[in-house]
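Breakdown of the fold
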Amino acid sequence: MSTLEIAAATQAKTPGSPGASSRRPGSRRLGLAGWLLPIALAALWELLVRAGIANGRLMPPPSVVGRTLWGLAVSGELLTHVTATLWRVAAGFGLGAGVGTVLGALTGALPVARGLLDPTLQALRAIPSIAWVPLFILWFGIFEASKVALIAVGVFFPVYLGVAAAIQGIDRKIVEVGRVFRLGRLAMVRRVLLPAILPAWFTALRSGLGLGFMFVVAAEIMGASEGLGYLLVDGQQLGRPDTIIAAIISFAVLGKLADGLLLAITRPFLAWQDLGRDTL
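The paragraphs below set out a description of the structure included in this document. (Residues numbered from 1 in each chain as written. Predicted model: local features only at pLDDT ≥ 70, side-chain atom pairs only at ≥ 80, totals over all residues. Heavy atoms only, no water.)

**Details of the overall build of the chain**
The helix and strand inventory of the chain stands at 12 helices and 0 strands. If you list the helices and strands of the chain from N to C, you get α-α-α-α-α-α-α-α-α-α-α-α. In the chain, which comprises 280 residues, the proportion classed as buried is 35%. Residue pairs at least 24 apart in sequence account for 73% of intrachain contacts in the chain once pairs closer than 6 positions are excluded. With the model as given, the accessible surface of the chain reaches about 16600 Å², and the carbon-plus-sulfur share is 70%. (Helix = DSSP H or I, 4+ residues; strand = E, 2+ residues; numbered from the N terminus. Buried < 20%, exposed > 50% of the residue type's maximum accessible area, 1.4 Å probe, protein only. Contact = heavy atoms within 4.5 Å. Areas by Shrake-Rupley, 256 points an atom, 1.4 Å probe, with all protein chains shown as cover.)

Right, here's the structure in full:
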């Protein structure tokens with residue numbers, strides 16, 4: 001019996017198990033309550049600017065930023081920038097997460113690979129992200145390849161560290177249970193080891209996705225003609241703080257939506273977990 005089957009059986013016997021039912025109404029209400037703080041802060045800043053208490057020149061009120069976002073959306077410019085940014089993040093995330101998962105699995109499972117690869121990778125991890133920019137421009141030019149490569153570097157390291165640490169941290173008793181059931185090597189990986197590392201792997205993917213959105217700004221600053229990072233630079237050069245804030249808000253919304261999509265995709269694979277997060 002695999003760890004997935006054991007967890008599923010435990011859930012079936014546990015009343016009120018979170019994996020066997022939908023999310024509790026309380027958690028949904030808390031999710032909606034999370035929007036109260038940004039809405040309240042935006043309303044407060046709008047009131048302060050309208051009352052003349054605060055200066056809205058360098059920090060425009062939400063009404064001005066909203067008009068800027070609406071104008072960008074109506075003209076189609078916002079869609080162009082969002083599409084370019086999402087494509088770069090998706091390409092860099094796929095490349096960095098794939099390579100990070102493979103190398104993390106190798107160094108986590110094989111001591112020889114860990115001894116050969118991990119010291120070099122840990123040294124490369126200490127290099128500031130901006131230091132890669134001139135090298136990637138020299139190698140790949142100022143076009144899409146250099147931007148995707150920079151984003152992939154940002155995604156790679158959290159995924160690599162998460163996978164390697166998850167494999168090295170697998171409880172020895174779980175492996176011994178698999179051996180008691182006389183599981184072969186492939187069956188051991190599929191039914192015991194993989195379920196054991198899935199939670200940490202998915203968390204590492206979320207961290208990598210967040211860094212992908214951070215690195216895309218640096219990527220789009222180096223010679224891009226479209227993208228939300230380009231919109232940031234354009235707003236700075238034209239002295240348009242409303243454009244800068246509109247781009248920042250767009251980044252926040254896209255990052256939140258992408259993280260929610262990743263959570264929705266990975267949640268079915270973790271339905272077997274019986275967690276106490278709703279009862280703490």
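**Some thoughts on the packing of aromatic side chains**
If you walk through the whole model with that rule in mind, you get 8 aromatic pairs. Ring centres of F136 and F140 lie 5.9 Å apart, and the angle between their planes is 50°; on these two criteria the pair is classed as tilted. On the criterion of helical spacing, the pair formed by F136 and F140 is a turn pair, its members being 4 residues apart in helix α7 (residues 132-140). The exposure class assigned to F136 is buried, which follows from its relative accessible area of 5%. Overall, F140 belongs to the partly exposed group, its relative accessible area being 38%. Here a set of aromatic residues connected by ring pairs shows up, and it is made of W132, F136, W139 and F140. (Phe/Tyr/Trp six-rings, centres within 6.5 Å; stacked < 30°, edge-to-face > 60°.)

**Let's talk about helix α6 (residues 111-125)**
If you check α6, its first and last C-alpha atoms are 20 Å apart, about what 15 residues at 1.5 Å a residue would give, namely 21 Å. Its maximal kink placed at L117, α6 deviates by approximately 40°, while the proline P119 follows within four residues. (Expected span 1.5 Å × (residues − 1). Bend = angle between axes of the 7 residues up to and from the residue.)

**Observations concerning the environment of V89**
Looking at the secondary structure, you find V89 in helix α5 (residues 77-109). V89 sits 125 residues away from M214 along the chain, and the two C-alpha atoms are 9.5 Å apart. Residue contacts for V89: discarding those within four places in its chain leaves I151, L209, G212, F213 and V216.

**A short note on the packing of helix α9 (residues 172-180) against helix α10 (residues 185-221)**
Across the interface, α9 lies against α10 with an axial gap of 10 Å and an inter-helix angle of 140°. Relative to α10, the element α9 is oriented oblique. When the axes of α9 and α10 are compared, the crossing they make is right-handed. Seen from α9, the contacting residues are I174, V175, G178 and R179; seen from α10, they are M188, V192 and L193. Looking at the contact of α9 with α10, its residues break down into 5 nonpolar, 1 polar and 1 charged. (Axes fitted to C-alpha atoms, helices over the stretch in contact; angles between N-to-C directions. Parallel < 35°, antiparallel > 145°, perpendicular 65-115°, else oblique. Left-handed = near helix turned anticlockwise from the far one by under 90°. Nonpolar A, V, L, I, M, F, W, Y, C, P; charged D, E, K, R; others polar.)

**Some thoughts on the pattern of salt bridges**
Pairing is possible between side chains of opposite charge, provided their charged atoms come close. Across all of its chains, the model carries 6 salt bridges by this definition. A salt bridge links R50 to E46; the nearest nitrogen and oxygen atoms lie 2.6 Å apart. Linking R50 with E46, this pair stays in helix α3 (residues 36-50), spanning 4 residues, or about one helical turn. Across the pair R206 and D259 runs a salt bridge whose closest N-O atoms are separated by 2.8 Å. Placement of the pair is R206 in helix α10 and D259 in helix α12 (residues 241-266), with a sequence separation of 53 residues. (Salt bridge = Lys/Arg side-chain N within 4 Å of Asp/Glu carboxyl O.)

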